[in-house]
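Commentary on secondary and tertiary structure
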Amino acid sequence: MSQNKIAFIGAGLIGSGLAINAITHGIPAAVQTRSQVERTTNSIENGIKFLLEKGVIDEAKAAEARSLYTVTTSIEEACKGATMIQESGPDKMELKHSIIAQIEAAADLAAIICTSTSSKSITEVFSEAQHPERCMGGHPYNPAYLIPLIEITKGEKTEDSYAQKAKEIYTEMGKVPVVLNKEVIGFIANRYQSAIHRECVDLVENGVCSVEDADKALVYGVGIRWGIMGQFLTLDLGVGEGGIGAFNEKYGVDVTKPDGRLSNMPTWTTFPADWCEVAAPGLADEIAHRDPSTGNDQASIAAWRDDMLVDILRLHKLL
């Protein structure tokens with residue numbers, strides 16, 4: 001069993017999902033919820049059951065995981081003895097300040113405090129913290145108990161030693177941590193998603209393609225490659241001899257002239273007011289066209305997604 005203990009403050013999809021990561025890797029966890037003790041317990045138990053059914057963990061590991069967590073409505077109780085505390089409350093600044101104040105009042109002085117915020121400034125989230133040097137962002141992705149990535153973002157006052165310790169604990173949880181040396185709204189992966197989201201919406205709204213074909217082009221083209229390696233490695237292999245350093249020469253890129261693809265990409269910073277209404281019928285068609293074995297509603301598609309994620313993670317030797 002690990003020498004660390006992690007407290008998860010907020011037991012929604014993120015908090016309970018990360019708790020599953022911890023306990024299935026031998027790390028004790030205390031999960032705090034305002035009132036949904038039974039629902040939180042069921043969520044964690046369902047995650048353990050899923051990993052057991054998929055052969056990711058065995059019966060012994062599942063039994064150990066069940067013995068390593070507690071669910072409580074008390075922040076003070078959850079934080080007691082924790083080496084790291086993960087705050088996953090709603091992205092409302094005043095509420096976060098209140099929760100962090102309660103965490104600091106209960107936490108050991110050496111405890112690391114991370115926030116799961118996906119949209120707020122890390123410096124601002126911890127602007128009222130008594131010990132901001134030990135505070136940072138720890139942004140996961142849903143489903144949190146399967147997607148390995150977690151983005152550690154340092155605020156203006158975060159000390160490197162605490163960020164390094166957080167990286168070690170997240171790695172022990174089975175995550176793949178990346179460290180942002182300075183904060184930027186959206187971190188890394190959400191900035192990727194925002195850029196692609198804008199392009200997808202623009203293509204559909206301009207009649208270039210359907211919602212379904214926009215998704216297919218992503219999944220069966222660049223998405224497959226990105227599921228194996230990142231953009232820089234993909235380009236390096238695509239260039240062949242000489243690698244990425246020879247990219248401009250091989251493809252005749254004239255850096256003094258606009259790129260034909262970049263020059264007509266959308267640059268708007270506010271999504272069209274009707275993009276949801278425009279996309280919804282196309283998405284309904286896409287879902288209707290799916291093979292039933294891959295799901296035809298949100299619940300069945302999510303179950304199919306999780307099965308696929310397990311297979312992909314096994315290829316990466318992360319499960």
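Residues numbered from 1 in each chain as written. Predicted model: local features only at pLDDT ≥ 70, side-chain atom pairs only at ≥ 80, totals over all residues. Heavy atoms only, no water.

What follows is about the packing of helix α9 (residues 211-226) against helix α12 (residues 275-288). Helix packing for two helices is described by the angle between their axes and how far apart those axes are. Two elements in contact, α9 and α12, have axes whose closest approach is 7 Å; the angle formed by their N-to-C orientations is 65 degrees. On the basis of their axis angle, the class for α9 and α12 is roughly perpendicular. The segment α9 lies against α12, with Val-211, Glu-212 and Asp-215 engaging Ala-279, Gly-282, Leu-283, Asp-285 and Glu-286. When its residues are assigned to classes, the contact of α9 with α12 shows three nonpolar, one polar and four charged. (Axes fitted to C-alpha atoms, helices over the stretch in contact; angles between N-to-C directions. Helix = DSSP H or I, 4+ residues; strand = E, 2+ residues; numbered from the N terminus. Parallel < 35°, antiparallel > 145°, perpendicular 65-115°, else oblique. Contact = heavy atoms within 4.5 Å. Nonpolar A, V, L, I, M, F, W, Y, C, P; charged D, E, K, R; others polar.)

To continue, consider the pairing of strand β5 (residues 112-115). Covered by surrounding structure in β5 are Ile-112 and Cys-114 together with Ile-113 and Thr-115, the residues of both alternating faces. For strand β4 (residues 84-87) and β5, the ladder comprises four bridges, and the chain directions are parallel. Of the residues in β5, the one forming a bridge with Met-84 is Ile-112. (Buried < 20%, exposed > 50% of the residue type's maximum accessible area, 1.4 Å probe, protein only. Pairing = 2+ DSSP bridges.)

Nonpolar side chains in soluble globular proteins generally cluster together in the buried interior. In this structure, Phe-8 and Ile-44 are the most contacted members of the largest nonpolar core, which totals 39 residues. Among the elements that make up this core, the one with the highest residue count is helix α1 (residues 13-23) (six residues). With sequence-adjacent residues up to four places away left out, Phe-8 is seen in contact with Gly-15, Leu-18, Ala-19, Ala-22, Ala-29, Ala-30, Val-31, Gln-32, Gln-86 and Met-173. Ala-82, Ile-100, Ile-103 and Phe-126 belong to the second largest nonpolar core, which has 23 residues in total. (Core = buried A, V, L, I, M, F, W, Y, C linked by side-chain atoms within 4.5 Å.)

Two orientations exist for strands paired in a sheet by backbone hydrogen bonds: parallel and antiparallel. Here eight strands make up an open sheet; going across it, the order is β3-β2-β1-β4-β5-β6-β7-β8 and the pairing mixed. Two strands bound the open sheet, and with one partner strand each, they are β3 (69-72) and β8 (176-180). For this sheet, the mean inter-axis angle between neighbouring strands, taken without regard to orientation, is 25 degrees. Two strands pair when backbone bridges link them, and strand β1 (residues 6-9) and strand β2 (residues 29-32) are joined in this way by four bridges, in the parallel orientation.

What follows deals with the side chain of Arg-134. Among the secondary structure elements, Arg-134 is positioned in the loop between α6 (122-125) and β6 (135-140). Reaching out from Arg-134, the side chain makes a polar contact with the backbone oxygen of Ala-111 at a distance of 3.1 Å. (Polar contact = N/O pair within 3.5 Å; in protein donor to acceptor, adjacent residues only side chain to side chain.)

It is worth spelling out the environment of Asp-213 at this point. For Asp-213, the position within the fold is in helix α9. Taking relative accessible area as the criterion, Asp-213 reaches 42% and is therefore assigned partly exposed.

Right, let's get into the state of the cysteines. In this structure the tally under the stated criterion is zero disulfides. Residue Cys-79 stays outside any disulfide, its sulfur separated by 12 Å from that of Cys-135, the closest cysteine. On the accessibility criterion, Cys-79 (0% relative accessible area) is buried. Here Cys-200 is not cross-linked by a disulfide; its sulfur's nearest cysteine counterpart is in Cys-209, at 7.7 Å. Assessed through its relative accessible area of 22%, Cys-200 is described here as partly exposed. (Disulfide = S-S within 2.5 Å.)

Taking every second residue as pointing to the same face, both faces of β1 are buried, with Ile-6 and Phe-8 on one and Ala-7 and Ile-9 on the other. The β-α-β motif built from β1, the intervening α1 and the parallel element β2 has right-handed crossover chirality. Relative to β4, β1 runs parallel, the two sharing four bridges. When the sheet's bridge partners are listed, Ile-6 is paired in β4 with Met-84. (Right-handed = clockwise from strand over helix to strand, strands pointing away.)

The next thing to look at is the pattern of salt bridges. Within the structure shown, the criterion is met by eleven salt bridges. With a closest N to O distance of 2.7 Å, Lys-96 and Glu-87 form a salt bridge. Lys-96 gets classed as buried once you look at its relative accessible area, which sits at 1%. Using a relative accessible area of 0% as the deciding quantity, one classes Glu-87 as buried. Linking Glu-104 and Arg-134 is a salt bridge whose minimum nitrogen-to-oxygen distance equals 3.8 Å. Of this pair, Glu-104 sits in helix α5 (residues 93-106) while Arg-134 sits in the loop between α6 and β6, and the two are 30 residues apart along the sequence. (Salt bridge = Lys/Arg side-chain N within 4 Å of Asp/Glu carboxyl O.)

Function cannot be inferred from these measures alone, as they are strictly geometric.
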